[in-house]
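# Structural features, examined
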Amino acid sequence: MTELAWYCIHSKPKCEHIAAALLLQFEGVETYCPRIRFQRNTQRGKVWFTEALFPSYFFARFDLPTSLRAVKYSQNVIRVVEFGGLFSTIDDAIIQSIRKEMGETDIRTIRREVNIGDTVELTEGPMRGFSGLVESMLSGEDRVRILLDFLGRQTFVEMDVHQLIGDREPRSSLAVS
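Values in this document were obtained by computation on a predicted structure and should not be read as measured data.

Before going further, it helps to examine the pattern of salt bridges. Counted by the stated rule, this structure contains 5 salt bridges. One salt bridge in this structure joins glutamate 30 and arginine 99, with 3.7 Å as the shortest N-O distance. Residue glutamate 30 is located in strand S2 (residues 30-32), and its partner arginine 99 is located in helix H3 (residues 92-101); the two are separated by 69 residues in the primary sequence. Judged by relative accessible area, which is 18%, arginine 99 ranks as buried. Here arginine 108 ties to glutamate 101 by a salt bridge, and the two come within 3.6 Å at their closest N and O atoms. The class of glutamate 101 is partly exposed, set by a relative accessible area of 24%. Each of the salt bridges in this network shares a partner with another, and the network as a whole consists of Glu30, Arg61 and Arg99.

Another point: H3. For H3, the complete set of buried residues consists of Ile95, Ile98 and Arg99. Along H3, the residues classed as buried sweep out an arc of 100 degrees about the axis, all on the same side. Here the buried face of H3 lies against strand S1 (4-11), S2, strand S5 (57-63) and strand S9 (89-90). Directly after H3, the chain includes glycine 103, whose backbone phi takes a positive value near 80 degrees.

Core analysis: the biggest nonpolar cluster contains 15 residues, and Tyr7, Ile9, Leu23, Phe58, Phe62, Val71 and Val80 have the highest contact counts within it. Elements supplying a minimum of two residues to this core: S1, helix H1 (16-23), S5, helix H2 (64-72) and strand S6 (77-80). Aside from chain neighbours lying at most four places away, what touches valine 80 is Tyr7, Cys8, Ile9, Leu68, Val71 and Phe87. If you look at the next biggest cluster of nonpolar residues, it comprises 13 residues, including Trp6, Cys8, Phe59 and Met102.

A few words now on the environment of histidine 17. As for its placement among the helices and strands, histidine 17 is situated in helix H1. Residue classification places histidine 17 among the partly exposed positions, given a relative accessible area of 32%. It is 26 Å that separates the C-alpha atoms of histidine 17 and threonine 2, two residues lying 15 residues apart in sequence. For histidine 17, the residues in contact, after removing those within four places along its chain, are Cys33 and Arg35.

For the rest of this paragraph, the subject is the sheet that holds strand S12 (residues 131-137). Hydrogen bonds between backbone groups are what pair the strands of a sheet, and the pairing can be parallel or antiparallel. Overall, antiparallel pairing links the 5 strands, which are arranged S14-S13-S12-S11-S15 in an open sheet. Looking at the sheet topology across the chains shown, the edges are occupied by strand S14 (153-160) and strand S15 (164-166). Direction aside, neighbouring strands of the sheet carry axes that sit 40 degrees apart on average. As paired strands, strand S11 (residues 119-122) and S15 are joined by 3 bridges and run antiparallel to one another. Bridged to valine 120 within S15 is glycine 166.

The rules we used
- Residues numbered from 1 in each chain as written.
- Predicted model: local features only at pLDDT ≥ 70, side-chain atom pairs only at ≥ 80, totals over all residues.
- Heavy atoms only, no water.
- Salt bridge = Lys/Arg side-chain N within 4 Å of Asp/Glu carboxyl O.
- Helix = DSSP H or I, 4+ residues; strand = E, 2+ residues; numbered from the N terminus.
- Buried < 20%, exposed > 50% of the residue type's maximum accessible area, 1.4 Å probe, protein only.
- Arc of directions from axis to C-beta.
- Contact = heavy atoms within 4.5 Å.
- Core = buried A, V, L, I, M, F, W, Y, C linked by side-chain atoms within 4.5 Å.
- Pairing = 2+ DSSP bridges.
- Axes fitted to C-alpha atoms, helices over the stretch in contact; angles between N-to-C directions.

Have a look at this one:
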């Protein structure tokens, strides 16, 4: 009788989803690699990024005596996480909780919310690259009022929220991070 359990797998950086996909080729191995998709400001403007929710880690469910060797030596896998020489299992309820928080999808798009008091960076227009503080939310659809330091003075500017990027880490909007 096989005893399936979830284990944490340490992978090479930025290769979590590849390692997880390769492990699916083995019979009796199930993987779960939650990822997030978010926008970040770059020199080219706003760019979408997709990263693992837990960088360099994902989960695999398998029978330890039967599949350990195949999992351990699979491409892009560094190791199966262990403590004191014992492989630590992850409870099914924890995996279900992560799946629930992710919305039952493997990739969840994170839309950065802007709130009063947040520090934001303007990503479009002539003031691109300037940072300011959100002073108020306006009645117009997705408009905010921002306090900017401009030419040595503080100035209020009204912007479309889609032209801003907050300084919060994208993972902070998920309960599992």
